[in-house]
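Examining the three-dimensional arrangement
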Amino acid sequence: MTSETAMPPPLNVLLVDDEVVRAAMVEEALVADGHRVVCRLTSPASLNEMVARHQPDVVIIDMESPDRDTLDSMALLNRENPRPVVFFADQHDPDILQAALKVGVSAYVVDGLVPGRVKAIIEVAIARFDAFQSMRRELEKTRNQLTERKRIERAKGLLMKHQDCDEEQAYRMLRKLAMDRSQRIAEVADSVIDILERLNARSPD
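Within any chain, residue numbers begin from 1 and follow the written order of that chain's sequence. Per-residue local features are limited, in this predicted model, to residues with pLDDT of at least 70; the limit for side-chain atom pairs, both in listing and counting, is 80 or more; totals at the level of whole chains, interfaces and linings are taken over all residues. Computation of side-chain values covers all heavy atoms of the structure but excludes hydrogens and water.

**A closer look at the nonpolar core**
This is how it is decided: Nonpolar cores were defined as sets of buried Ala, Val, Leu, Ile, Met, Phe, Trp, Tyr and Cys residues, with membership established by side-chain atoms within 4.5 Å. The classification of residues rests on relative accessible area computed with a 1.4 Å probe and restricted to protein chains. Under 20% of the type maximum is buried, over 50% is exposed, and intermediate values are partly exposed. Here a helix means four or more residues in a row that DSSP labels H or I, a strand means two or more in a row labelled E, and each is numbered from the N terminus. Here, two residues are considered to be in contact whenever any of their heavy atoms come within 4.5 Å of each other.
Ranked by internal contacts, the top residues of the largest apolar core, which has 23 residues, are Leu-14, Leu-47, Val-59, Ile-61, Met-74 and Phe-87. Listed by contribution, the elements that provide at least two residues to this core are strand S1 (12–17), strand S2 (36–41), helix H2 (47–54), strand S3 (58–63), helix H3 (68–80), strand S4 (85–89) and helix H4 (94–102). By residue number, the principal contributor to this core is H3, which donates four residues. If near-sequence neighbours (up to four positions away) are discounted, Leu-14 is found in contact with Val-38, Cys-39, Leu-41, Leu-47, Met-50, Val-51, Pro-56, Val-58, Val-59 and Ile-60. Of all hydrophobic cores here, the second largest spans 18 residues; its members include Val-37, Val-118, Ile-122 and Ala-125.

**Re helix H5 (residues 118–163)**
As a reminder, the rule being used: A helix's residues, less one, multiplied by 1.5 Å, set its expected span.
For H5, with 46 residues, the first-to-last C-alpha span of 66 Å sits near the 68 Å given by 1.5 Å per residue. Directly after H5, the chain includes Asp-164, whose backbone phi takes a positive value near 55°.

**Topic: the sheet that holds strand S5 (residues 107–110)**
The condition is simple: Here, a strand pair is defined by DSSP locating no fewer than two bridges between the strands. Every angle, taken between N-to-C directions, lies between 0 and 180 degrees, and every axis is a line fitted to C-alpha atoms, over only the stretch in contact when it is a helix.
A sheet is described by the order of its strands in space; here five strands give the open sequence S2-S1-S3-S4-S5, paired in parallel fashion. At either end of the open sheet lies a strand with only one pairing partner, and these are S2 and S5. Adjacent strand axes in the sheet meet at a mean angle of 20° when their direction is disregarded. Two strands pair when backbone bridges link them, and S3 and S4 are joined in this way by five bridges, in the parallel orientation. Pairing of Val-59 across the sheet is with Val-85, part of S4.

**Observations regarding unusual backbone geometry**
Backbone geometry at Gln-55 places phi at a positive 50°, although glycine is not the residue there. Checked against the element boundaries, Gln-55 lands in the loop between H2 and S3. Assessed through its relative accessible area of 42%, Gln-55 is described here as partly exposed. The phi angle at Asp-164 is positive, at roughly 55°, despite the residue not being glycine. Among the structural elements, Asp-164 can be located in the loop between H5 and helix H6 (167–181). On the basis of relative accessible area, Asp-164 is assigned to the exposed category, the value being 70%.

**A closer look at the confidence of the model for the protein chain**
Filter applied, for reference: Known as pLDDT, the predictor's confidence for each residue is given on a scale from 0 to 100.
Chain-level pLDDT for the protein chain is 86 on average; 92% of the residues reach the 70-or-more range. Highest mean pLDDT in the protein chain belongs to H2 (95); lowest belongs to helix H1 (residues 20–32) (85).

**Focus: helix H7 (residues 185–202)**
To be explicit about the condition: By arc we mean the arc of the directions from the helix axis to the C-beta atoms, nothing more.
Between its first and last C-alpha, H7 extends 26 Å over 18 residues, near the 26 Å set by a 1.5 Å rise per residue. For H7, every residue scored as buried is listed here: Ile-185, Ala-186, Val-188, Ala-189, Val-192, Ile-193 and Leu-196. Take H7 and look down its axis: the buried residues cluster within an arc of 140°, on one side only. Turned more than 90 degrees away from the buried face of H7 sit Ala-201 and Arg-202, all of them exposed.

Shown next as structure tokens:
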């Protein structure tokens with residue numbers, strides 16, 4: 001049985017380059033590697049809109065240096081339609097580099113875009129992007145769990161005071177309510193907090 005190395009799937013690329021000849025060379029190199037340029041822009045002004053429309057796998061931007069408008073466009077993209085972004089710059093500026101990384105650039109390459117280097121750099125950018133997105137999802141999950149835990153503790157405290165019971169009994173009440181309503185305990189906790197806080201607000205001191 002012979003084993004063959006699986007070829008990476010072709011990528012849909014959105015290319016931003018204000019030099020038409022260079023952009024054509026890069027597109028030719030990408031197509032030669034089996035990829036497809038789904039959109040070519042001369043400016044990143046409509047970057048987020050075009051990514052939402054064309055759904056590329058990766059964004060390649062080639063400019064002398066990202067200005068404030070470009071950084072704003074990339075920040076918007078990172079918030080609304082995050083994608084691996086490879087930025088090729090002609091000039092090195094540590095402050096600009098840090099600003100670009102903060103707005104979601106996966107790979108920042110100085111000395112401009114050389115078609116022969118694109119393939120390897122894209123692969124690195126996608127790997128970094130995937131790792132960052134995984135870490136961000138894990139962080140968001142942890143934050144949500146912490147928030148839910150605080151809400152459950154708040155609901156238990158209100159129940160203990162309102163029902164004159166201990167913590168274990170309060171938790172059993174929440175769990176039973178969750179089972180009866182086919183809801184998660186955190187969802188029931190929100191309802192309990194809402195009801196009991198309103199009752200407390202109406203009760204005289």
